[in-house]
Amino acid sequence: MTIAEKPSVRHASFKVGRMGVCKALTVALLLSAPFVVQAKTTEPEVYTPVAPTIDQARANILIARQLQFTHFRDLGISDKLSGDVFDAYLNYLDGQRVYLMASDIQALEKVKTRMGSALKTGQLQPGFDIYNLVQKRIIERLQFALETLDKGIENLDFSTNESVLLDRSEAKWEPNKEALDELWNKRIKNAVLAQRLNGADDEAITDTLKRRYEGQLKRAHQARSEDAFQAYMNAFTGMWDPHTSYFSPRTSENFNINMSLSLEGIGAVLQADNEYTKVVRLVPGGPASKQGQLKPADRIVSVKQEDEKPVNVIGWRLDEVVDLIRGPRNSVVTLEVVPANAADETLTKSIAISRDEVKLEEQSASKDIIELQRNGEKYTIGVVTIPTFYADFQAMQAGDPNYKSTTRDVRKLLEELKQDGVQGLVIDLRNNGGGALHEANDLVGLFIDTGPTVQIRNSSNEVQVLSDEDASVSYDGPLVVLTNRMSASASEIFAGAIQDYGRGLVVGSQTFGKGTVQAVRPLNHGQLKITQSKFYRVSGGSTQHKGVIPDIEIPSRIDKTRIGEDALDHALPWDQIDSVPHTRYFDFSGIIENLRKRHEDRFNSSPEFSLLQQEINFLKEQRQRETVSLNLDERTTQQEQIERTRLTIANARRELRGEDTFETLEELEDWQDQQAADLGSTDEEMDFVIREGGDIMADMLELDKRMVSILAPRQFAAQAETLQ
């Protein structure tokens, strides 16, 4: 817990010295300043290779030591790790294999097994040589793309049966320059065709693509020593786990108290993803979250300020993208993104977000009530939605007795719901990415007597147990906890504890699986965020990698193969330690199969669930496409089919709500934009997944009346007497 385009430019010349690793480092270390020539105000024709600095070499040595001796994972620097770092570094620099050729890879193979020993001793030149070669190839490719555009896109032939591979991460490296030229012709045709199908004319398409490639070309010429060092170090640190990373001094300035790059202005957490900047998560209550269109795993293509042209940010450094998105409160920034569910990176959408600060009260827990009728009997179910685990630390430290926190707010909501006579409670943790650990501990305490809530084990195998020492119970009735793939960290601790105690059922989809703790350690140059501990449930199993498996599963639109801990390279594995003594309030084994059958019967007959399943199947089908046609007629047919499916599903959902349907996809998208612009708009009907949680609650009460309260009759009488 820490919780893509200048016309007819000559090909750049390039030369990297072939000195040995040790000699290269010696030269670099003797320099009194970084051997870096920054880009001039006019675009240079010659790329100046970047070289390591003394400070970077020293930081590398410190990083290597801390990784080997203080990281949770016991991993030494070996020949195998050296090869893995080599592969990860190439994947970061050219993950889609569109710049380097097979001959380049063959030439680089000689350093593959030597990188580990060099990284131990601060010898950075091998990594910098690779970086400089990739920059040279990037410049060559972008110049080729611009020259192709200069010949006129009207000369491109879209009548052939060509296709292009959408994901080239596992493709073979192209053998030579001619093969790369052919590949890039296809990439350009794909970009042109996608924009033509979206209604853009050739002049606008050419302008867009030129600005894109020119922006990337400018960035390639402006490469800095720190860019190479950060990329190289993160390929290295990522061998231990995906949450361990190096922050350059510039990036460290943007690193906030939650150990994430939170953007002041839109409330989003971003990370570098090869050439793109990717959305990791949205801050609950923030402008992007309330606007509703930006999603986790969306990739940012361009950033547009009010009354200005969009700036293409493919290939930009993360800190520069952050600076571009930040801005004055109430101003509007427009992000062009490749949606997470897009089958093709040429398919983008624009999202306008009004910048604002994230207010604590907008992250607060809230309540609602569901009323159900069953066989003539009425059930009143309370719903508490918790967007994040928060606490006003400033007010707490100032001694304010009324400071806000998740536990305090939920306790008040529970009292109000009890006054309303609720017979059961649904806690909604979907999209809750975590937050304050002590709040997860305290929140569990509202629903149990006393006992442990979570175990934390460090790299020395020392285990700390957090417990609830307060014997009072704020809510003793039946409980359902809703989760999805974006429920992470503190959410998983709470859901896991409720499940282990038999205190309630977990309903929804498998959680994220973020069960590690990071610390930020200063270096002589930048900072190292390093994983030092791991969370374990009171039953002994870790929340890491596996997350919390729901008792009753509900399908989700979220793609588990792209989002979640088990989708990340080198994620720490699931394991378990000894359990700690804890109470088991209810045994659901006698009714769980019946509950699942009732749930399945409802969903099989539910038109809302049928539409959800159709949408999931449609998205899955799009994601499974490996190639896209470059034939205009075939592509047009595919596009029309996709648009018809989207419109059919959307209209069917509107018919269920008694709303007017749309004639065209354009009408639907215009309506969606209007809804996003109206931050006060909400769905007229409560989320059917929440209502299903209420139905499961009613099933529980019908099948076993003992679930009315966790308190034994004598305890219940004593508590009632005290309340009087």
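Residues numbered from 1 in each chain as written. Predicted model: local features only at pLDDT ≥ 70, side-chain atom pairs only at ≥ 80, totals over all residues. Heavy atoms only, no water.

Participant: Teacher, can you tell me more about the overall build of the protein here?
Facilitator: Scanning the protein from terminus to terminus reveals 22 helices and 19 strands. Taking all 724 residues of the protein together, 54% fall into the buried category. Per element, the accessible surface of the protein, about 32500 Å² overall, is 47% carbon and sulfur. (Helix = DSSP H or I, 4+ residues; strand = E, 2+ residues; numbered from the N terminus. Buried < 20%, exposed > 50% of the residue type's maximum accessible area, 1.4 Å probe, protein only. Areas by Shrake-Rupley, 256 points an atom, 1.4 Å probe, with all protein chains shown as cover.)

Participant: Help me out: how do you make sense of the side chain of Gln639 in this one?
Facilitator: By secondary structure assignment, the location of Gln639 is in helix α19 (residues 632-656). Each residue touching Gln639, except ones within four places of it in the same chain, is listed here: Leu197 and Asn198. (Contact = heavy atoms within 4.5 Å.)

Participant: For this particular structure, what's the right way to read a negative patch on the surface?
Facilitator: Negative charge collects at one region of the surface, where Glu663, Glu666, Glu667, Asp670 and Asp673 lie side by side. Turning to its location among the elements, Asp670 is positioned in helix α20 (residues 665-677). (Patch = residues over 30% accessible without salt bridge, like charges linked within 9 Å, V, L, I, M, F, W, Y side chains within 5 Å. Salt bridge = Lys/Arg side-chain N within 4 Å of Asp/Glu carboxyl O. Lys, Arg positive; Asp, Glu negative; His and termini not counted. Charge placed at Lys NZ, Arg CZ, Asp CG, Glu CD.)

Participant: Can you walk me through the packing of helix α6 (residues 125-150) against helix α7 (residues 177-197) in this structure?
Facilitator: When two helices pack together, their arrangement is captured by the angle between the axes and the distance separating the axes. At their nearest, the axes of α6 and α7 sit 10 Å apart, and the two run at 55 degrees to each other. Considered as vectors, α6 and α7 are oriented oblique to each other. As α6 packs across α7, the resulting crossing turns out to be right-handed. For the pair α6 and α7, contact is made by Arg141, Phe144, Ala145, Thr148 and Leu149 and by Lys177, Leu180, Asp181, Trp184, Asn185 and Ile188, respectively. Among the residues forming the contact of α6 with α7, the class breakdown is six nonpolar, two polar and three charged. (Axes fitted to C-alpha atoms, helices over the stretch in contact; angles between N-to-C directions. Parallel < 35°, antiparallel > 145°, perpendicular 65-115°, else oblique. Left-handed = near helix turned anticlockwise from the far one by under 90°. Nonpolar A, V, L, I, M, F, W, Y, C, P; charged D, E, K, R; others polar.)

Participant: Help me out: how do you make sense of the nonpolar core in this one?
Facilitator: Most often, soluble globular proteins have nonpolar side chains that are buried together. Val384, Leu425, Ile427, Phe447, Phe494 and Met700 are the most contacted members of the largest nonpolar core, which has 71 residues in total. Here this core takes eight residues from helix α21 (residues 688-703), the largest share from any one element. In contact with Ile427, not counting residues within four places along its chain, are Val384, Ile386, Phe447, Leu479, Val480, Val481, Leu482 and Phe494. By size, the runner-up hydrophobic cluster in this structure holds 66 residues, among which are Val85, Ala145, Phe158 and Tyr213. (Core = buried A, V, L, I, M, F, W, Y, C linked by side-chain atoms within 4.5 Å.)

Participant: Teacher, can you tell me more about the sheet that holds strand β9 (residues 366-374) here?
Facilitator: Sheet strands associate in pairs through backbone hydrogen bonding, adopting either a parallel or an antiparallel arrangement. If you walk across this open sheet you meet the six strands as β9-β10-β11-β14-β15-β18, and the pairing is mixed. Two strands in the sheet have a free side with no partner beyond their single neighbour: β9 and β18 (552-553). Pairing geometry for β9 and strand β10 (residues 377-385), over nine bridges, is antiparallel. Bridge pairing in β10 places Gln373 opposite Lys378. Those strands touched by helix α16 (residues 490-500) are β11 (424-428), β14 (479-483) and β15 (505-508), and its axis lies near 145 degrees from that of β14. α21 rests against β9, β10, β11, β14, β15 and β18 of the sheet, and its axis sits at about 55 degrees to β9. (Pairing = 2+ DSSP bridges.)

Participant: How do you make sense of the pairing of β10 when you look at a structure like this?
Facilitator: A regular strand places its side chains on the two faces of the sheet in alternate fashion. Connecting β9 to the antiparallel partner β10 that follows it, the hairpin turn spans two residues, and Asn375 within it adopts a positive phi of roughly 50 degrees. Two strands pair when backbone bridges link them, and β10 and β11 are joined in this way by five bridges, in the parallel orientation. Following the sheet pairing, Gly382 is matched in β11 by Leu425.

Participant: Even after reading the chapter, I still don't get the pattern of salt bridges, so can you show me in this structure?
Facilitator: Applying the stated rule across the entire model yields 42 salt bridges. In this structure, Glu162 and Lys189 form a salt bridge, with 2.5 Å as the shortest nitrogen-oxygen distance. Of this pair, Glu162 sits in the loop between α6 and β1 (163-165) while Lys189 sits in helix α7, and the two are 27 residues apart along the sequence. Residue Glu162 is classed as partly exposed on the basis of its relative accessible area, which comes to 25%. We classify Lys189 as buried; its relative accessible area is 8%.

Participant: What's the story with unusual backbone geometry in this structure? I'm lost.
Facilitator: Excluding glycine, residues mostly carry a negative phi; peptide bonds, for their part, are mostly trans. Positive phi, normally seen in glycine, also occurs at Asn461, with a value near 65 degrees. Tracing the backbone through its elements, the reader meets Asn461 in the loop between β12 (451-458) and β13 (463-468).

Participant: Help me out: how do you make sense of the packing of aromatic side chains in this one?
Facilitator: The geometry of two aromatic rings is summed up by the distance between their centres and the angle between their planes. Tallied over the full model, the rule gives twelve aromatic pairs. With 4.9 Å between their ring centres and 35 degrees between their planes, Tyr89 and Tyr232 make a pair best called tilted. Taken together, the positions of Tyr89 in helix α3 (residues 79-94) and Tyr232 in helix α9 (residues 225-237) put the pair 143 residues apart, joining distant regions of the chain. A single burial state applies to Tyr89 and to Tyr232, both of which are buried. A centroid spacing of 5.0 Å and a plane angle of 80 degrees characterise the contact between Phe229 and Tyr246, whose relative ring orientation is edge-to-face. Here Phe229 is found in helix α9, whereas its partner Tyr246 is found in strand β2 (residues 245-247), with 17 residues between them in sequence. Classification of Phe229 as buried rests on a relative accessible area of 0%. We classify Tyr246 as buried; its relative accessible area is 0%. Cluster of aromatic residues (ring-pair linked, three or more members): Tyr99, Trp184 and Tyr213. Directly above the ring of Phe144 sits Arg141, whose terminal nitrogen or CZ lies 5.1 Å from the centroid. Across the ring face of Trp671, the terminal group of Arg654 is positioned such that the distance to the ring centre comes to 4.8 Å. (Phe/Tyr/Trp six-rings, centres within 6.5 Å; stacked < 30°, edge-to-face > 60°. Lys NZ or Arg CZ within 6 Å of the ring centre and 35° of its normal.)

Participant: Would you explain the confidence of the model for the protein in this entry?
Facilitator: As a general rule, the predicted coordinates of low-pLDDT regions are not to be interpreted in detail. Of the residues in the protein, 87% have a pLDDT of 70 or more, and the chain-wide mean is 86. A low-confidence stretch, residues 2-44 stays under pLDDT 50, and its non-local contacts, those more than four residues away or across chains, total 92 contacts. Note that pLDDT drops below 50 for residues 679-686; the model gives that stretch twelve contacts with residues more than four away or on any other chain. (pLDDT = per-residue confidence, 0-100.)

Participant: Looking at this structure, how should I read the packing of helix α17 (residues 592-604) against α21?
Facilitator: Where α17 meets α21, the axes come as close as 10 Å, and the angle between the chain directions of the two elements is 140 degrees. Relative to α21, the element α17 is oriented oblique. Crossing geometry of α17 relative to α21 is assigned as right-handed. Where α17 abuts α21, its residues Asn594, Leu595, Arg598, His599, Arg602 and Phe603 lie against Phe688, Glu692, Asp695, Ile696, Asp699, Met700, Glu702 and Leu703. Looking at side-chain class alone, the contact of α17 with α21 contains six nonpolar, two polar and six charged residues.

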